[in-house]
Amino acid sequence: MTGRRVRQPSVKPGSPRWSQTPAETDDGEGVYAPSRLDPLVRSASPVIGGPAGRRLASATGFWRAATVLVLLSAVVFGLGIVQKQHCRADGWSSPDQFWHACYSDIPVIYASSGLGGADRPDLSAALGSAGGLGQPPLAGLLMWVTSGMVDGSQVDANRTFFDLTALLLAALLAVGVAATTFTLGRRGWDASHLALSPVLITAGLISYQVLGVVLVALALFALSRSRALVGGLLLGAAVAAAPQLAVVGVVVAVLALWRSGSYVEDQHEAGRDPRALAGVSFAGTALVTWLVLRILLLPGLTGEFGSVWRAWRHGAPGYGSLWLVPQLLGASEPEPASSWGGRFAQALFGWMFSTGALSGTATSVLVVLALLVGAAVLLRFTITRVAPLSPIRAGGARLDQDSSTTMADWVTSRVAPASLAALAITLVTAKSLPAQASLLLLPLIALSGLRWRDHLIWAATEAVYFVGIWLYIAAETTANRGLPSQFYLIMLLARLAGIVWVGVQGVLVYRASAAPDPAFPDPALTTGSLRIAEISSPGLDEGTLLGDRDAGTPHSLG
């Protein structure tokens, strides 16, 4: 150590004040180490021996990122099973399962739908609107297949089915973690956002949502390897398991078409950017795959599109929805105040508590309007404000990179952050937002490379809501023990704010991926506008931080 402080880099006008991805501070050589570049991970790293050194070599064999994170994901998912242990031991019964926050759709639907009974319904009947599963087609298919491996006549059939499903989902999660690690390349340790998230512990075993998480991770991995058709098939399957993931296909199509006519300057290399064709193929294949799966798995020739549309249009707001707020405010009206100040406050704000519950039709209109506004805002601050990535040849490669690297860069720096923001908008404006729906954000958070500080802020709001929702539902049976409406309202708004926070980080990551503006003479001094001092301790020199091989000649901060 030389004791010399790192100089403060200048910030380009108009850029974010600080980067949302530690990768923006990386010099692009050697090993990407979160313990050296992520401020929160760096401060926690002394527990395991301190941050990675500047001469750290790439791990080989067992200790590479994919292997370690797959094993750690099994440990985290195992903690989720422990969290459900009370219900595993004593059964899933109301209201006990709510008081102990161990409710899960998996054993409850298995028992209520007759999957373990002697008159087990066939696949088409089970998946239909009258079948009782109430799951998306592919998730229902997995549940139906798994139930066939369990002897429903056993006394503990519910627990056996839950345990078998947990093992299956843990194996699927391992595949998703590995796929995310491979997509990220040298930033593979960022897949820890998927493998180690606290949200997996609380919500991972509520339903089959992990299936959608894994399928979208595989779809983006295929897209990053220029396998658009395979990625589209996987994304279509993901939408059949979790319909909210359709926004990923929309984002890819918009990114592909927005400026798809980019040409290189050399006329001999001129041609339409191959990312446009890949993006359109990816989204189109996903749409066709989803339609085919619905028609094949659900009763009727139309895949029950009409009944699904009518149910959504007339359905009232559900738990976790922003549109449930008026109903919660009406149930939280305070007693008449006795003081003059209290009466004045009630006169000003009393109207807030006089609103009634929104009807299904009114909520549907509000959802559509909110989605349109959210999409316009997202376009305004991302695609229309940030120049597209450098054009690549029609043959598939940029002049200085191979095609797989180019596609991977596009997926991680543009597709994933924009999809993260779009999915956050979709979740916040949804008619119903169950606790497990937030799991869908995890692979996009990992691919976007958010800082762990932002991840944990969001995860904290999810944990608070996870406890609150069960206590609020339990209040329907024992009002004097459950959570009052006003407290549930606060937790609901906190959770929505956490999702919005993550979505904003996605927008900032997208904007930070813009190429340096040649109008500024010193772009090498910027690091995505993250100040080096924020992630360095006093006395840390540039050579140590940036992995300089020659400590006597510090590299530029670019």
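Residues numbered from 1 in each chain as written. Predicted model: local features only at pLDDT ≥ 70, side-chain atom pairs only at ≥ 80, totals over all residues. Heavy atoms only, no water.

Caption draft 1: The arrangement of the overall build of the protein in detail. Regarding its fold elements, the protein presents 24 helices and zero strands. By residue count, 49% of the 558 residues in the protein fall in the buried class. Looking at the protein alone, contacts between residues at least 24 apart form 76% of all its contacts between residues at least 6 apart. Surface summary for the protein: the accessible area is close to 24500 Å², and the carbon and sulfur share equals 65%. (Helix = DSSP H or I, 4+ residues; strand = E, 2+ residues; numbered from the N terminus. Buried < 20%, exposed > 50% of the residue type's maximum accessible area, 1.4 Å probe, protein only. Contact = heavy atoms within 4.5 Å. Areas by Shrake-Rupley, 256 points an atom, 1.4 Å probe, with all protein chains shown as cover.)

Caption draft 2: Structural context of the state of the cysteines. Evaluation of the coordinates by the stated rule reveals one disulfide. Two residues share a disulfide in this structure: Cys87 and Cys102, whose sulfurs sit 1.8 Å from each other. Here the S-S torsion is close to 55°, and the disulfide linking Cys87 with Cys102 is therefore right-handed. Of this pair, Cys87 sits in helix H4 (residues 85-90) while Cys102 sits in the loop between helix H5 (96-99) and helix H6 (105-112); the two residues are 15 residues apart in sequence, bridging distant segments of the chain. The pair formed by Cys87 and Cys102 is uniform in burial state, with each residue classed as buried. (Disulfide = S-S within 2.5 Å.)

Caption draft 3: Representation of the side chain of Lys84 in the model. For Lys84, the location among the structural elements is in the loop between helix H3 (65-83) and H4. Of the side chains with opposite charge, Asp105 comes closest to the buried, unpaired Lys84, at an N-O distance of 10 Å. The contact partners of Lys84, leaving out residues within four places of it in the chain, are Cys102, Tyr103, Ser104, Phe162, Ile201, Thr202, Leu205 and Phe466. (Lys, Arg positive; Asp, Glu negative; His and termini not counted. Salt bridge = Lys/Arg side-chain N within 4 Å of Asp/Glu carboxyl O.)

Caption draft 4: Structural view of the packing of H6 against helix H9 (residues 157-184). Following both chains from N to C, one finds H6 and H9 inclined at 135°, their axes separated by 9 Å at the closest point. In this view, H6 runs oblique relative to H9, as classed from their interaxial angle. Crossing of H6 against H9: the hand is right-handed. Each of Ile106, Pro107, Tyr110 and Ala111 in H6 lies in contact with H9, whose residues at this interface are Ala157, Asn158, Phe161, Phe162, Thr165 and Leu169. (Axes fitted to C-alpha atoms, helices over the stretch in contact; angles between N-to-C directions. Parallel < 35°, antiparallel > 145°, perpendicular 65-115°, else oblique. Left-handed = near helix turned anticlockwise from the far one by under 90°.)

Caption draft 5: Structural view of the packing of aromatic side chains. Inspection of every chain in the model, using the stated rule, returns eleven aromatic pairs. Relative to Phe162, the ring of Trp92 lies with its centre 5.1 Å away and its plane at 50°, an arrangement referred to as tilted. Of this pair, Trp92 sits in the loop between H4 and H5 while Phe162 is found in helix H9, placing the two residues 70 residues apart along the sequence. With respect to burial, Trp92 and Phe162 carry one shared label: buried. Ring centres 6.1 Å apart and planes at 20° place the aromatic pair Phe98 and Trp470 in the stacked group. (Phe/Tyr/Trp six-rings, centres within 6.5 Å; stacked < 30°, edge-to-face > 60°.)

Caption draft 6: Structural detail: unusual backbone geometry. Between Ser94 and Pro95 the backbone carries a cis peptide bond, its omega angle lying at -5°. Note on placement: Pro95 falls in the loop between H4 and H5. Located in the positive-phi region is Ala101, a residue other than glycine, with phi close to 55°. Mapped onto the fold, Ala101 is located in the loop between H5 and H6. Of note in the backbone geometry, Ser226 takes a positive phi value of approximately 65° without being a glycine. Residue position: Ser226 is located in the loop between helix H12 (209-224) and helix H13 (228-241). Owing to a relative accessible area of 34%, Ser226 belongs among the partly exposed residues under this scheme.

Caption draft 7: Expanded view of helix H19 (residues 360-381). In this model H19 runs 31 Å from its N-terminal to its C-terminal C-alpha over 22 residues, within 8% of the 32 Å that 1.5 Å per residue would give. Taken together, the buried positions of H19 are Gly360, Thr363, Ser364, Val367, Ala370, Gly374 and Leu378. Along the long axis of H19, the arc covered by the buried residues comes to 130°, so they all point the same way. Exposed side of H19, more than 90 degrees from the buried face: Leu372 and Val373 are the residues found there. (Expected span 1.5 Å × (residues − 1). Arc of directions from axis to C-beta.)

Caption draft 8: View of the packing of helix H8 (residues 137-147) against H9. Following both chains from N to C, one finds H8 and H9 inclined at 125°, their axes separated by 10 Å at the closest point. Between H8 and H9, the crossing angle belongs to the class labelled oblique. For H8 against H9, the interelement crossing comes out right-handed. The segment H8 lies against H9, with Leu142, Met143, Thr146 and Ser147 engaging Phe161, Leu164, Thr165, Leu168 and Leu172. Residue classes in the contact of H8 with H9 are distributed as six nonpolar, three polar and no charged. (Nonpolar A, V, L, I, M, F, W, Y, C, P; charged D, E, K, R; others polar.)

Caption draft 9: A look at the environment of Trp452. Assignment of secondary structure puts Trp452 in helix H22 (residues 452-474). Looking at Trp452, the relative accessible area reads 13%, which means it is buried. Along the sequence, Trp452 and His193 sit 259 residues apart, while their C-alpha atoms lie 7.7 Å from each other.

Caption draft 10: Spotlight on the nonpolar core. Judged by nonpolar contacts, the single largest core of 119 residues is most densely connected at Leu220, Leu223, Leu235, Trp470 and Tyr488. Looking at which element gives the most residues to this core, the answer is helix H20 (residues 403-428), with 13 residues. Setting aside its immediate chain neighbours within four residues, Leu223 contacts Ala228, Val252, Ala278, Phe282, Met407, Trp410 and Val411. (Core = buried A, V, L, I, M, F, W, Y, C linked by side-chain atoms within 4.5 Å.)

Caption draft 11: How the structure looks around the environment of Met491. Among the secondary structure elements, Met491 is positioned in helix H23 (residues 485-512). Leaving out residues up to four positions away in the same chain, Met491 has contacts with Val464, Tyr465, Gly468 and Leu483.

Caption draft 12: Region of interest: the confidence of the model for the protein. Residues of the protein with pLDDT of at least 70 account for 71%, and the chain-wide mean is 78. Within the protein, no element has a lower average pLDDT than helix H24 (residues 542-545), which sits at 38, and none a higher one than H12, at 96. Predicted confidence for residues 1-29 stays below pLDDT 50, and this span has 96 contacts to residues more than four positions away or in other chains. (pLDDT = per-residue confidence, 0-100.)

Caption draft 13: Examining the pattern of salt bridges more closely. Summed over all chains, the structure comprises five salt bridges. Among the salt bridges present, the one from Asp156 reaches Arg159, with a minimum N-O distance of 3.6 Å. Taking the relative accessible area as the measure of exposure, Asp156 reaches 34% and is therefore partly exposed. Between Arg453 and Asp454 there is a salt bridge, and its shortest N-O distance comes to 3.0 Å. On the basis of relative accessibility, which here comes to 33%, the residue Arg453 falls in the partly exposed class. We classify Asp454 as buried; its relative accessible area is 0%.

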